[in-house]
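Descriptive structure summary
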Amino acid sequence: MAIIGIDLGTTNSLAVCWRDGRLELIPCEDGEVLFPSVVGYVGGEGFLLGAAAKERLLTHPSDTVGSFKCFMGTAKEYRLGGRTYTPMELSAMVLERLKRNAQRLLQEEIEEAIVTVPAYFNDKQRSDTKKAAQVAGLKVERLINEPSAAALAYRMAMGEEDRTLIIFDFGGGTLDLSYVECFDNVIEIVAVAGDNHLGGDDIDRAIQSYFCRENALAEEALPLEALARIRHLAEQSKRALSAGGHADMELTVEGRTCRARLTEDILFELCMPLFEKMKQLFLHLLEDADSRVSQIDDLVMVGGSSRLGVVRRFLAELLGKEPVVLDQTDRVVALGAGIYAGIRRRGEEIRDMLLTDVCPFTLGIGVRNRSGQDKNVLSPMIERNSTLPASCRNRFVTTSDYQREILVKIYQGEEYYVDDNVYLGEVAIEVALKPAGQAWVDVQFTYDINGILHVSVENEMGERRQILLANQALTAEELERYTKEMEKIMLPPIEQPANREMLARFLAYFENSTGERRERIGAMIGYVTRGLCSGRKKAVRNAQENARAWLNMLEEAQETKEERLFDGRAFESWEEEDEDWGDGEESRDSEGEEQDDRVEDWNSRKENRGEGGEGDGDEE
Ligand code: AMP
């Protein structure tokens, strides 16, 4: 059974398959590989899709819809042929057509697809994308983030060297930025930032308004049909400009010939408000990744709007380096999805790649507002940009005397008040009858790589209630399987038995040493602990590798009493590695004090283990 990769785009969609050891773009009926994500209705005939529908956007704007992906997960409805359709249903039509195209090419049934979504899609948007696939008769085991797919494709094309990238995915309706570290066979998404309402369409709107201003047209008063024609002209002029020079715009509006000239400089000016938003997103991303521009090797531009010269110019000015624009900028995401489909089928030609991702939004629970306001506020459990799988446990106490029950309401989002975030579900559990603040529950969140959230709540009597929040309905067996898997991933690296044992050995050496040797072991403990707690795969790996090497050395030194083994050599390699993961300023200081602090840190961590921290939030 074939698996295909699908880039379900705002403007265009594209399907790719892995066949005979290579990627193949799947052509539509007209031979083109890009399939416009447009649906139209023709009275008496039925639905038109793709290029045929796109042409009618201009002539029949009220019977044709595009860019519906921007409203995925919302209550927006579109009226076509006397019925209303949701963005999910319209997307399902597009997906079904792509599936049929693939079946025609491959001459076999397609039942499964890897579908890409903007990294910033929330749970509802992801869930609607999955539903759309289901309606189209496709099983979606995994949605992958568009920038992650692009990073995968870039990595496959660029070879194996360690690299740090920012994927700048600028499409018709969205901008997604991802900070990615590539090493060995790992592609680690460290942080993502994005805007679901910033894309090429906004540039078209800015050009449309410019055209109206230049010709003294009252934009708000123009009929829909005239606006659609101006928008079309705006988009064409924008594309013409990306080939260089200028674009002369001319159109008859309400019997009058209107003209305007679009140059690179004018477009740059028109895009300034959008560039300001982009800049803010970059700041956000670098801050979340705990990084600086100087640490980026490549800024990789993908998505249709990346072809715009003014965007490249802005980015070169902002970052002080020329961005990389890939040849097939509008196909890279689909190619990545195709590679992933190949990995799933274990195509022999693809070396197994590990694609790690982050949670794009914060997950938390509602707690009583301490200021006395009625509105509950969000107490974050898993912060946005935590590497997946992520797990966290906190303790919450009662707020009323002899309260019988605690209701844990689960939310997703970045807003202060829970009502402004997305509600995901709830778990109720009885608590010990005690005065306010004395009865408690431990709440544990575990979020896995497939976007499935497992919440477990345990009271002081040891009773446990749990809930699985998944993007799709799960069967009882699946639920059981996932719960088992969740149990496996609940332990962060610092708490995994092998790593605990490793640290215990360091501590024993520390105890049995004195003076400079002790200081150095303290420094090693600090380094290894921070690596294991960093939440980053690369830092965890470096910490483990170094820890193993140092323990061997300590053992050797112990056995042979050759203290000289300790002089210099070990420290040089440690310093290099520390630079490597970028956040080791303190540990580079081998003077002891901070390292001792680190040991203390670790000790207190050990004591806290199993108690789940000191969450003091409370719930209604
Ligand atoms: P995507 O959602 O990635 O398919 O990107 C679609 C967006 O890319 C639309 O806003 C298009 O207008 C824009 N686009 C496509 N080709 C070009 C081009 N040659 N120059 C500028 N923008 C383009």
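Up top is the structure.
Residues numbered from 1 in each chain as written. Predicted model: local features only at pLDDT ≥ 70, side-chain atom pairs only at ≥ 80, totals over all residues. Heavy atoms only, no water.

1. Considerations on the overall build of the protein chain
Our working rule: Where helices and strands are cited, they refer to DSSP runs of H or I of at least four residues and of E of at least two residues respectively, numbered from the N terminus. In this scheme, a residue with accessible area under 20% of its type's maximum is buried, one over 50% is exposed, and one in between is partly exposed, where area comes from a 1.4 Å probe on protein chains only. Any pair of residues with heavy atoms lying within 4.5 Å of one another is described as a contacting pair. For every accessible area listed, the method is Shrake-Rupley and the probe measures 1.4 Å; residues are considered covered only by the protein chains on display.
Scanning the protein chain from terminus to terminus reveals 17 helices and 27 strands. Burial status across the protein chain gives 54% buried among its 620 residues. When contacts within the protein chain are restricted to residue pairs at least 6 apart in sequence, those whose partners lie at least 24 apart make up 65%. On the protein chain, roughly 27800 Å² of surface is accessible, and the fraction owed to carbon and sulfur atoms is 45%.

2. Considering the sheet that holds strand 6 (residues 46-49)
The line we're drawing: The pairing criterion is simple: DSSP has to find at least two bridges between the two strands.
With antiparallel pairing, three strands are arranged side by side in an open sheet as 6-5-7. Both edges of this open sheet fall to strand 6 and strand 7 (64-65), since each of them pairs with a single strand only. Relative to strand 7, strand 5 (residues 39-42) runs antiparallel, the two being bridged by two bridges. Pairing of Val39 across the sheet is with Val65, part of strand 7.

3. Notes on the pattern of salt bridges
Close approach of charged atoms allows side chains of opposite charge to pair. Rule in force here: Any carboxyl oxygen of Asp or Glu that lies within 4 Å of a side-chain nitrogen of Lys or Arg is treated as forming a salt bridge with it.
What the rule picks out here adds up to 24 salt bridges. Ionic pairing is found between Asp128 and Lys131, a salt bridge with its closest N-O pair at 3.6 Å. Remark: Lys131 and Asp128 occur in helix 3 (residues 123-135); sequence separation between them is three residues, near one turn of the helix. Assessed through its relative accessible area of 39%, Lys131 is described here as partly exposed. Glu555 serves as the salt-bridge partner of Arg505, at 2.3 Å between the closest nitrogen and oxygen. Here Glu555 lies in helix 14 (residues 537-560) and Arg505 lies in helix 12 (residues 497-511), a separation of 50 residues in the sequence. In the salt-bridge network here, residues are joined through shared partners; they are Glu161, Arg163 and Asp298.

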